[in-house]
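Descriptive structure summary
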Amino acid sequence: MTKNFKKSAHILANLHDIILFVKVQKHNKKTDVYIMKNNLQKLRWNKQWSQEQLAIYSGVNRSLIGKIENGDVKNPSVFTALLLAKSLGVTVEDLFTIV
């Protein structure tokens with residue numbers, strides 16, 4: 001991770017927007033870089049829910065929700081993403097978007 005990315009990640013984290021850079025290696029050896037935006041905290045705040053409330057409604061552990069929100073868990077399981085999306089009344093694409 002370069003210093004520029006760390007600075008960008010820090011600034012974005014302060015704005016409550018976690019953005020992840022995802023590298024995808026294709027069969028032709030070309031690497032594409034995608035930017036994935038994590039909207040979990042913003043959607044939770046829109047409902048005025050605490051992490052604990054979201055944990056109760058979704059069945060997902062509160063500490064895992066916190067780790068997803070702050071970017072410590074970059075690739076939650078599909079099942080976890082579906083549980084969170086369903087409890088918030090949104091799609092998985094609303095939670096994690098590629099920009």
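Structural data are supplied above this passage.
In this report, the structure presented in the accompanying data block is examined. All of these numbers come straight from a predicted model, not from anything done at the bench.

Brief notes about the overall build of the chain
- When helices and strands are counted, the chain shows 6 helices and 3 strands.
- Listing each helix as α and each strand as β along the chain from the N terminus yields α-β-β-α-α-α-α-α-β.
- Per-residue burial for the chain yields a buried fraction of 30% across its 99 residues.
- Element-wise, carbon and sulfur atoms account for 57% of the exposed surface of the chain, whose accessible area totals about 6800 Å².

With respect to the packing of helix α3 (residues 51–58) against helix α4 (residues 62–69)
- Running from N to C, α3 and α4 point in directions that differ by 115°, and their axes come no closer than 8 Å. Seen along the crossing, α3 lies across α4 with a hand that is right-handed. Contacts between α3 and α4 pair Q51, E52, L54, A55 and S58 from the former with R62, I65, G66 and E69 from the latter.
- Of the residues that constitute the contact of α3 with α4, the class distribution is 3 nonpolar, 3 polar and 3 charged.

Observations concerning the side chain of N38
- Relative to the helices and strands, N38 resides in strand β2 (residues 31–38).
- A distance of 2.9 Å separates a polar atom in the side chain of N38 from the backbone nitrogen of L40.
- Polar side-chain contacts of N38 include one of 2.6 Å to the backbone oxygen of I68.

Notes on helix α5 (residues 78–88)
- Burial in α5 covers these residues: T80, A81, L84, A85, S87 and L88. Take α5 and look down its axis: the buried residues cluster within an arc of 165°, on one side only. In α5, the exposed residues that point more than 90 degrees away from the buried face are V78, F79 and K86.
- Elements that come into contact with the buried residues of α5 comprise α2 (40–46), α3, α4, α6 (92–95) and β3 (96–98).
- Where α5 ends, the next residue or the one after it, G89, has phi of about 75°, a positive value.

Conventions and cut-offs
Residues numbered from 1 in each chain as written. Predicted model: local features only at pLDDT ≥ 70, side-chain atom pairs only at ≥ 80, totals over all residues. Heavy atoms only, no water. Helix = DSSP H or I, 4+ residues; strand = E, 2+ residues; numbered from the N terminus. Buried < 20%, exposed > 50% of the residue type's maximum accessible area, 1.4 Å probe, protein only. Areas by Shrake-Rupley, 256 points an atom, 1.4 Å probe, with all protein chains shown as cover. Axes fitted to C-alpha atoms, helices over the stretch in contact; angles between N-to-C directions. Left-handed = near helix turned anticlockwise from the far one by under 90°. Contact = heavy atoms within 4.5 Å. Nonpolar A, V, L, I, M, F, W, Y, C, P; charged D, E, K, R; others polar. Polar contact = N/O pair within 3.5 Å; in protein donor to acceptor, adjacent residues only side chain to side chain. Arc of directions from axis to C-beta.

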